[in-house]
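Examining the three-dimensional arrangement
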Amino acid sequence: MAAKGRQQGLTVAVTGPTGDLGIALVDGLERSRRVKRIVGMARRPFDPSSRGWKKTEYRQGDVRDAAGVRDAMKGADVVVHLAFAIVGGGDSQAINVDGSRNVFEAAVDARAKRICYASSVAAYGFHKDNPAWLDEHVPTRGTPAHFYSRQKAEVERVLEDVLAGQTRTSAYVFRPCIVAGPKAQMLLEELPYIRLGEAVPDSVSRVVSWLPMLKPVIPDPGVRFQLVHEDDVASAFLAGALGKGEPGAYNLAASGTLAMSDLADALGWYSIPVPDLAVNVTAGAIARLPGAPEQLGWIQAMRGPVLMRTDRARKLLGWRPQHTSRQTLAALVQAYREESRVS
Ligand SMILES: NC(=O)c1ccc[n+]([C@@H]2O[C@H](COP(=O)([O-])OP(=O)(O)OC[C@H]3O[C@@H](n4cnc5c(N)ncnc54)[C@H](OP(=O)(O)O)[C@@H]3O)[C@@H](O)[C@H]2O)c1
């Protein structure tokens, strides 16, 4: 029966279906005629019908619970692993590294054909000797001092380890840059430059004290970055889930690059050029603050450009992102405004 079911349409298990990326991805899976059934798993209570999802069943559970994960993955042809603690906190190693191992092992036990895992540009690490443009041949070394970068690199090794010596289950490893769009608002919610004013007002006001403080100010270290739209990431994952191209690692970024001043312009805020030294001093001061939120570690990440080539996804998956970095920023800001979170 199981084999027959598998021929008729794919069963896709998704960890983290309630997150920014998960919602966009499940929307795409729901629309795909090749997908018959979706099983989502995350910790919060959630009703799939609240999003109009018809093929999706939801299991409330935690990736740290190996038995619960195994149960949710049973019968899956494809396992999409998105669940991750992005802003850190005490248990990030258990959720991100041990939890990912649970998911990958459960996928192999379930004899899934494919795992699609959301790694990140951060897996490469923020190294001075990185090439100007990263392609998938560059080793994912991570940055040890940055928990997210370190764990994203470590989880890629865990995945290799779990898949070693077997041929049934293969892996698509996606490395998106910052994901943004109407739902994915982490750039505005979590990046320290936006929140510094709230978290440590003195640090920012020292740097920008000469400006009239009518509007928020974003320090701009002059580093260029990429964005990718949530729907474009979802379309790459969908291609992987359906087995297009070949397994392996895929960078995901929209065309074009941005600076923090572009973000400030889009929001109608100020930006101020901040030399590297000031960024370093600010980062150091923050790191010493008792109880400083772990996401402020992201300030370290913006010290040098981390830009990715995406030729492989375009060539092998036929990936055609529908939004440039600038259009993605516009979509993000428009949604942010519509929610009246910025004047
Ligand atoms: N957003 C970006 O800019 C970006 C860029 C590159 C890569 N990625 C990667 O893409 C993936 C998805 O990102 P996202 O932006 O959608 O993240 P998100 O909005 O924070 O969503 C995380 C999801 O994981 C679930 N989750 C967290 N801890 C869990 C646990 N212990 N057990 C089960 N589920 C858990 C969350 O639901 P509950 O809290 O209810 O459990 C939620 O559904 C992550 O792996 C992230 O690292 C994101």
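Coordinates for the structure precede this section.
Read on for an overview of the structure.

Definitions and cut-offs
- Residue indices begin from 1 for each chain and proceed along its sequence in written order.
- Residue-level local features of this predicted model are given only where pLDDT is at least 70; pairs of side-chain atoms are given and counted only at 80 or more, and the full residue set underlies all totals for whole chains, interfaces and linings.
- Hydrogens are left out, water is left out, and the side-chain values use all remaining heavy atoms of the structure.
- In this scheme, strands are said to pair when DSSP sees at least two bridges between them.
- Secondary structure elements are defined from DSSP: runs of H or I of at least 4 residues count as helices, runs of E of at least 2 residues count as strands, and each element is numbered from the N terminus.
- Only C-alpha atoms enter the line fits that serve as axes; for helices the fit covers just the stretch in contact. Angles between N-to-C directions range over 0 to 180 degrees.
- Pairs of residues are marked as contacts when any of their non-hydrogen atoms sit within 4.5 Å.
- N or O atoms within 3.5 Å of each other form a polar contact, as long as, within protein, one can give a hydrogen and the other can take it, and as long as residues adjacent in sequence are counted only when both atoms are side-chain atoms.
- Relative accessible area decides the class of each residue, using a 1.4 Å probe on protein chains only: under 20% of the type maximum gives buried, over 50% gives exposed, and in between gives partly exposed.
- By convention a crossover is right-handed if, when the strands point away from the viewer, the path from the first strand over the helix to the second runs clockwise.
- When a carboxyl oxygen of Asp or Glu is within 4 Å of a side-chain nitrogen of Lys or Arg, the pair counts as a salt bridge.
- In this text, buried Ala, Val, Leu, Ile, Met, Phe, Trp, Tyr and Cys residues form a nonpolar core when linked through side-chain atoms within 4.5 Å.
- Nearness is defined per residue: one heavy atom within 4 Å of the molecule or strand is enough.
- Only the protein chains shown count as cover for residues, with accessible areas throughout obtained via the Shrake-Rupley method and a probe of 1.4 Å.
- The nonpolar class holds Ala, Val, Leu, Ile, Met, Phe, Trp, Tyr, Cys and Pro. Asp, Glu, Lys and Arg form the charged class, and all remaining residues, Gly among them, are polar.
- Pairing of aromatic side chains here covers Phe, Tyr and the six-membered ring of Trp, requires ring centres within 6.5 Å, and sorts the geometry by plane angle: under 30 degrees stacked, over 60 edge-to-face, intermediate tilted.

What follows deals with the sheet that holds strand β5 (residues 114-118). Pairing in this open sheet of seven strands is parallel, and the strands run β3-β2-β1-β4-β5-β7-β11 from one edge to the other. The open sheet has two edge strands with one neighbour each: β3 (56-60) and β11 (248-252). Recorded for the sheet is a direction-independent mean angle of 15 degrees between the axes of neighbouring strands. Bridge count for strand β2 (residues 35-42) against β3 is five bridges, and the pairing is parallel. Across the sheet, residue Met41 finds its bridge partner in β3, namely Arg59. Of the strands in this sheet, β5 and β7 (170-176) touch helix α5 (residues 147-163), which is tilted by about 170 degrees from β5.

For His81, the position within the fold is in strand β4 (residues 78-81). Within polar-contact distance, the side chain of His81 engages the side chain of Thr15 at 2.7 Å. In this structure His81 touches Thr15, Val63, Ser100, Val103, Phe104, Cys116, Tyr117 and Ala118, once residues within four positions along its chain are discounted.

Turning next to the pairing of β2. With respect to burial, β2 is a largely interior element, six of its eight residues being buried. Note: strand β1 (residues 10-15) against β2, six bridges, orientation parallel. Across the sheet, the residue bridging to Val14 is Gly40, located in β2. Chirality of the crossover, the property in question, places the unit of β1, helix α2 (residues 20-31) and β2 among those that are right-handed.

Here we come to the pattern of salt bridges. Oppositely charged side chains can pair when the atoms bearing their charge come close. Within the structure shown, the criterion is met by 14 salt bridges. We note a salt bridge from Asp62 to Arg64, for which the minimum N-O separation is 2.6 Å. Note on Asp62: relative accessible area 18%, which makes it buried. When the shortest N-O distance is used, the salt bridge between Arg224 and Asp262 registers 3.8 Å. On the criterion of sequence distance, the pair formed by Arg224 in the loop between β9 (217-220) and β10 (227-229) and Asp262 in helix α10 (residues 260-267) is long-range, its members being 38 residues apart. With a relative accessible area of 36%, Arg224 lands in the partly exposed category. Three or more residues joined by partner-sharing salt bridges are found here, namely Arg59, Asp71 and Lys74.

Right, let's get into the nonpolar core. Core analysis: the largest hydrophobic core is formed by 41 residues, its most contacted members being Leu29, Val80, Phe174 and Phe237. Listing elements by their share of this core, those giving two or more residues are β1, α2, β2, β4, β5, β7, α9 (230-241) and β11. Looking at which element gives the most residues to this core, the answer is α9, with six residues. Membership of the second largest hydrophobic core comes to 31 residues, among which are Ala72, Ala83, Ala85 and Val162.

In the vicinity of the ligand, 27 residues are found, and the nearest of them are Thr18, Leu21, Arg43, Arg44 and Tyr148. A distance of 2.8 Å separates an oxygen atom of the ligand from a polar atom in the backbone of Leu21. Contact between the ligand and Lys152: an oxygen atom at 3.0 Å from a side-chain N or O atom of the residue. Notes on the ligand: free accessible area 890 Å², of which the protein chains cover 91%. Elements with a contribution of two residues or more to the shell around the ligand: α2, α5 and β8 (178-180). Along the lines of polarity and charge, the residues of the shell around the ligand split into 16 nonpolar, six polar and five charged.

Under the defined criterion, the tally for this structure stands at nine aromatic pairs. With 5.6 Å between their ring centres and 65 degrees between their planes, Phe46 and Trp53 make a pair best called edge-to-face. Judged by relative accessible area, Trp53 falls into the buried class, the value being 6%. Considering the side-chain rings of Phe46 and Tyr58, the 5.2 Å spacing of their centres and the 75 degrees angle between planes classify their relative orientation as edge-to-face. Of this pair, Phe46 sits in the loop between β2 and β3 while Tyr58 sits in strand β3; the two residues are 12 residues apart in sequence, bridging distant segments of the chain. In this structure Phe46 comes out as partly exposed when scored by relative accessible area, which is 22%.

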